[in-house]
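# A closer look at the structure
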Amino acid sequence: MVFSGGQDSTTCLALALHEYGKGRVSCITFHYGQRHAREVEVARKVAADFGVADHRFVNLDWYGQLTSNALLDPGRPIVTDAGAACPNTVVDGRNMVFLLVAAIYAKGCGIRDIVTGVCETDFSGYPDCRDVFVKSCNVTLNLAMAYEFRIVTPLMELTKAETWALADRLGVLAYVAENTLTCYNGVVGRGCGACPSCLLRQRGYEAYLASQEGLC
Ligand code: ZN
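Predicted, not measured: the structure shown is a model, and the values here were computed from it.

## Observations concerning the overall build of the protein chain
Within the protein chain one finds 8 helices and 4 strands. When the helices and strands of the protein chain are placed in sequence order, the string is α-β-α-β-α-α-β-α-β-α-α-α. Put simply, the protein chain has 216 residues, and 49% of those count as buried. Relative to all contacts within the protein chain whose residues are 6 or more apart in sequence, the contacts with residues 24 or more apart total 69%. Carbon together with sulfur atoms contributes 55% to the accessible area of the protein chain, which is approximately 10500 Å² in total.

Encoded structure:
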């Protein structure tokens, strides 16, 4: 499980534990110079709370030597320019690097399934969150290592509201709402309430709650 400690990642982790069973899920978390080193600590705590025994932390802090963007540089404001395909937080190649490193570790452990919470609906226009990229990367990894990986993306087609619904079905709605970190400003749980990530998360949460009220 490629694990960041965010809403999507944590919901995916709960699902993976449900599907594969406790003791059969390993997590890998990357430090790549993101604004908030706190993200790594949140990931550590969340995985421990879920009883994950095998959790790797991999340092990719060379990222900042190669590219600069608002996620890596705390001095730059996070904005989505009108007309821009994606916000200035996109880190080029990030998911490809994550999947490659996760695959190297997985193969060494005899693991074939690599679970990631990437999602192409609802958000961002990040090119390496798209299904076409993940499928292509899967083929490439299999060729690169002569090994049958299966990249599993349970959230790919879900809206943020549907991801909250999934968390609820798995019994972790309150946990995810209170303990995960999605906010670009490093505020756990509800977040800062103002950054693009918080707005997306909050809108999805409200849409999910509204859909539940409709049922009552
Ligand atoms: Zn925020």
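## Observations concerning the packing of aromatic side chains
Taken as a whole and assessed by the stated rule, the structure comprises 7 aromatic pairs. Relative to Y63, the ring of Y32 has its centre 6.3 Å away and its plane inclined at 70°; by these criteria the two rings are edge-to-face. Of this pair, Y32 sits in the loop between β1 (26–31) and α2 (38–49) while Y63 sits in helix α3 (residues 63–66), and the two are 31 residues apart along the sequence. Assigned by exposure class, Y32 and Y63 land together as buried.

## Quick look at the coordination of the zinc ion
Around the zinc ion, the protein supplies C183 (SG), C192 (SG), C195 (SG) and C198 (SG) as donor atoms, at distances of 2.3 to 2.4 Å. The site at the zinc ion holds 4 donor atoms, and with the angles between them running 104 to 117°, its shape is tetrahedral. Summarised as a motif, the one-chain spacing of the donors to the zinc ion is C-x8-C-x2-C-x2-C. In this structure C192 comes out as partly exposed when scored by relative accessible area, which is 31%. Using a relative accessible area of 6% as the deciding quantity, one classes C195 as buried.

## Regarding the pattern of salt bridges
Scanning the entire structure with this criterion turns up 6 salt bridges. One salt bridge in this structure joins K45 and D49, with 2.7 Å as the shortest N-O distance. Taken together, the residues span about one helical turn, with K45 and D49 both in helix α2 at a distance of 4 residues. Here K45 falls in the partly exposed class, since its relative accessible area comes to 44%.

## Remarks on the packing of helix α1 (residues 7–20) against helix α6 (residues 160–169)
The angle between the axes and the distance between the axes are what describe a pair of packed helices. Running from amino to carboxyl end, α1 crosses α6 at an angle of 40°, the nearest separation of the two axes being 10 Å. On the basis of the axis angle, α1 is oblique to α6. Crossing hand, α1 versus α6: left-handed. Where α1 abuts α6, its residues Q7, D8, T11 and L15 lie against K160, T163, W164, L166 and A167. Residue composition of the contact of α1 with α6, grouped by class: 4 nonpolar, 3 polar and 2 charged.

## Some thoughts on the environment of A102
Among the structural elements, A102 can be located in helix α4 (residues 94–109). Filtering out sequence-adjacent residues up to four positions away, A102 remains in contact with V2, I28, F30 and I114.

## Topic: helix α5 (residues 131–145)
The end-to-end C-alpha separation of α5 is 21 Å, in line with the 21 Å expected for 15 residues at 1.5 Å each. Among the residues of α5, D131, F133, V134, C137, N138, L141, N142 and M145 are the ones counted as buried. Seen end-on, α5 carries its buried residues on one side only, within an arc spanning 165°. α5 presents V132, K135 and L143 as exposed residues on the side facing more than 90 degrees away from its buried surface.

## Brief notes about the environment of E39
Among the structural elements, E39 can be located in helix α2. When the C-alpha positions of E39 and V188 are compared, they lie 8.9 Å apart, and in sequence the two are 149 residues distant.

## Overview of the environment of N95
Considering the arrangement of structural elements, one finds N95 in helix α4. Among the residues examined, N95 registers a relative accessible area of 11% and is labelled buried. Between the C-alpha atom of N95 and that of V118, which follows or precedes it by 23 residues, the distance is 8.6 Å. Look past the residues within four positions of N95 in its chain and what remains in contact with it is V118, D128, C129 and F133.

Definitions and limits used
- Residues numbered from 1 in each chain as written.
- Predicted model: local features only at pLDDT ≥ 70, side-chain atom pairs only at ≥ 80, totals over all residues.
- Heavy atoms only, no water.
- Helix = DSSP H or I, 4+ residues; strand = E, 2+ residues; numbered from the N terminus.
- Buried < 20%, exposed > 50% of the residue type's maximum accessible area, 1.4 Å probe, protein only.
- Contact = heavy atoms within 4.5 Å.
- Areas by Shrake-Rupley, 256 points an atom, 1.4 Å probe, with all protein chains shown as cover.
- Phe/Tyr/Trp six-rings, centres within 6.5 Å; stacked < 30°, edge-to-face > 60°.
- Donors = N, O, S within 2.8 Å, 3.2 Å for Na, K, Ca; no water.
- Tetrahedral: all angles 85-135°; square planar, octahedral: opposite > 155°, others 65-115°.
- Salt bridge = Lys/Arg side-chain N within 4 Å of Asp/Glu carboxyl O.
- Axes fitted to C-alpha atoms, helices over the stretch in contact; angles between N-to-C directions.
- Parallel < 35°, antiparallel > 145°, perpendicular 65-115°, else oblique.
- Left-handed = near helix turned anticlockwise from the far one by under 90°.
- Nonpolar A, V, L, I, M, F, W, Y, C, P; charged D, E, K, R; others polar.
- Expected span 1.5 Å × (residues − 1).
- Arc of directions from axis to C-beta.

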